[in-house]
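Residue-level structure breakdown
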Amino acid sequence: MLNTNQNEKMYIEAYKDADYTPPALGRFSFLVNPEKYSQQYTIRYSDLVEPGRTGNEALFRSAQPQRFNFDILFDSSGVFNQNIFGVAFFNPFAQTQEITGQIDEFKNLVLKFSGDIHRPYYLKIIWGDFLRLCVLETLNIEYKLFRPDGKPIRAIAHCGFREAQSRTRDNQEQDRQSPDISHAETLKAGDTLTLLCNKIYQTPALYLEVAKANNLNQVRNIRQGTQLWFPPTQKSTQG
């Protein structure tokens, strides 16, 4: 369902980079605003079990990009022409753009592969205070109304978007290496316990505590591929 009585219309702008550097490359304004939209949040946890225990504390791994979905109406029937008061009324003589042209305009903005950046554009969706930085993930177009000659005059685009922003912008909003949360790390070539402690805790001095937490008999020559558990620091657990 869609809301036809709102004067402030939702629109989408396209950008070349995930910093959304102006100017926008194009804009698509909605015919009518969505009546509803859905948001999905996903958090991933590690299956790592601390050595010597049978329980799983569901150690935090990552928060996945937010996903959200809503429908977009395309119509060339004349039903959604509006008078000066913003009230929708039917005008059978209205000259409106063919629905195929409306859909192509939308697809060129949100779906088309850009040779300049070798991918589709980054999108900014704006509706009053509603603002999302994202990319299109899924698009399913459902044609619902036709002329006698078979040409469609109404369609609903079921759109799925996922949050997207540059690493620089993301790092400004959250610090994933905070020592105040648990970490699970898999030892790679060149890694040492002291180096990983320095990476996570900003000091190598806690390597003995980490070794104890993982029931390690020695801290040298740990086998590559070993998964280690890095607990929160004592300061954070007490605070």
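Let me sum up the structure you'll find in this document.

Reading guide: rules and limits
- Residues numbered from 1 in each chain as written.
- Predicted model: local features only at pLDDT ≥ 70, side-chain atom pairs only at ≥ 80, totals over all residues.
- Heavy atoms only, no water.
- Helix = DSSP H or I, 4+ residues; strand = E, 2+ residues; numbered from the N terminus.
- Buried < 20%, exposed > 50% of the residue type's maximum accessible area, 1.4 Å probe, protein only.
- Contact = heavy atoms within 4.5 Å.
- Areas by Shrake-Rupley, 256 points an atom, 1.4 Å probe, with all protein chains shown as cover.
- Expected span 1.5 Å × (residues − 1).
- Core = buried A, V, L, I, M, F, W, Y, C linked by side-chain atoms within 4.5 Å.
- Pairing = 2+ DSSP bridges.
- Axes fitted to C-alpha atoms, helices over the stretch in contact; angles between N-to-C directions.
- Arc of directions from axis to C-beta.
- Lys, Arg positive; Asp, Glu negative; His and termini not counted.
- Salt bridge = Lys/Arg side-chain N within 4 Å of Asp/Glu carboxyl O.
- Phe/Tyr/Trp six-rings, centres within 6.5 Å; stacked < 30°, edge-to-face > 60°.
- Lys NZ or Arg CZ within 6 Å of the ring centre and 35° of its normal.

With respect to the overall build of the protein
Along the protein, the regular secondary structure elements total 5 helices and 15 strands. Scored against the burial criterion, the 239 residues of the protein give a buried share of 36%. Across the protein, contacts joining residues at least 24 apart in sequence account for 60% of those joining residues at least 6 apart. Accessible area of the protein: about 14900 Å², with a carbon and sulfur share of 49%.

Brief notes about the environment of Cys 197
By secondary structure assignment, the location of Cys 197 is in helix α3 (residues 193-201). Placed 11 residues apart in sequence, Cys 197 and Leu 208 show a C-alpha to C-alpha distance of 9.8 Å. Once residues within four sequence positions are removed from consideration, Cys 197 is found in contact with Gln 202, Thr 203, Pro 204, Leu 206, Tyr 207, Val 210 and Phe 230.

Some words on helix α1 (residues 99-110)
Relative to the 16 Å expected for 12 residues at 1.5 Å per residue, α1 spans 17 Å between its end C-alpha atoms, a close match to the ideal helical length. For α1, the elements touching its buried residues are β2 (11-15), β3 (26-29), β8 (67-75), β11 (122-127), β12 (130-146) and β13 (152-163).

A short note on the nonpolar core
With 25 residues, the main nonpolar core has Ile 12, Ile 72, Leu 123, Ile 125 and Phe 161 as its most contacted residues. Element by element, the count of residues in this core is highest for α1, at 5 residues. With sequence-adjacent residues up to four places away left out, Phe 161 is seen in contact with Ile 12, Gln 66, Arg 67, Phe 68, Phe 70, Leu 123, Ile 125, Cys 134, Val 135, Leu 136 and Glu 137.

Remarks on the sheet that holds β8
If you trace the 7 strands from one edge of the open sheet to the other, you get β3-β2-β11-β12-β13-β8-β5, paired in antiparallel fashion. Two strands bound the open sheet, and with one partner strand each, they are β3 and β5 (38-40). Adjacent strand axes in the sheet meet at a mean angle of 35°, parallel and antiparallel pairs treated alike. Bridge count for β2 against β3 is 4 bridges, and the pairing is antiparallel. The residue bridging Glu 13 from the neighbouring strand is Arg 27, located in β3.

Details of α3
Buried within α3 we find Leu 193, Leu 196, Cys 197, Ile 200 and Tyr 201. All buried residues of α3 lie within an arc of 105° about the axis, which places them on one face of the element. Just downstream of α3, Gln 202 is the residue with a positive phi angle, here 65°.

Notes on the side chain of Lys 124
Within the secondary structure, Lys 124 sits in strand β11. It turns out Lys 124 is buried and unbridged, and the closest side chain with the opposite charge, Glu 13, is 4.9 Å from it.

Section: the pattern of salt bridges
Evaluated as defined, the whole model comprises 8 salt bridges. A salt bridge links Asp 75 to Arg 154; the nearest nitrogen and oxygen atoms lie 2.5 Å apart. Linking Asp 75 in strand β8 with Arg 154 in strand β13, this pair joins segments that are 79 residues apart in sequence. Among the charged side chains, a salt-bridge network with shared partners connects Arg 67, Glu 137 and Arg 162.

A few points about the packing of aromatic side chains
Here the structure, examined in full by the defined rule, presents 13 aromatic pairs. Look at Phe 28 and Phe 74: their rings are 5.9 Å apart centre to centre, the planes differ by 45°, and that puts the pair in the tilted class. Of this pair, Phe 28 sits in strand β3 while Phe 74 sits in strand β8, placing them 46 residues apart in sequence. The exposure classification of Phe 28 matches that of Phe 74, with both residues buried. Aromatic pair Tyr 201 and Phe 230: ring centres 6.3 Å apart, planes at 50°, arrangement tilted. Here Tyr 201 is found in helix α3, whereas its partner Phe 230 is found in strand β15 (residues 227-230), with 29 residues between them in sequence. Its relative accessible area of 8% is what places Tyr 201 among the buried residues. Residue Phe 230 is classed as buried on the basis of its relative accessible area of 0%. Within the aromatic cluster, the residues linked to one another by ring pairs are Phe 28, Phe 30, Tyr 37, Phe 68, Phe 70, Phe 74, Phe 106, Phe 130 and Phe 161. Geometry around Tyr 11 places Arg 27 over its ring, the cationic atom sitting 3.9 Å from the centre. Taking NZ or CZ as reference, Arg 132 lies 4.4 Å from the ring centre of Phe 130, over its face.

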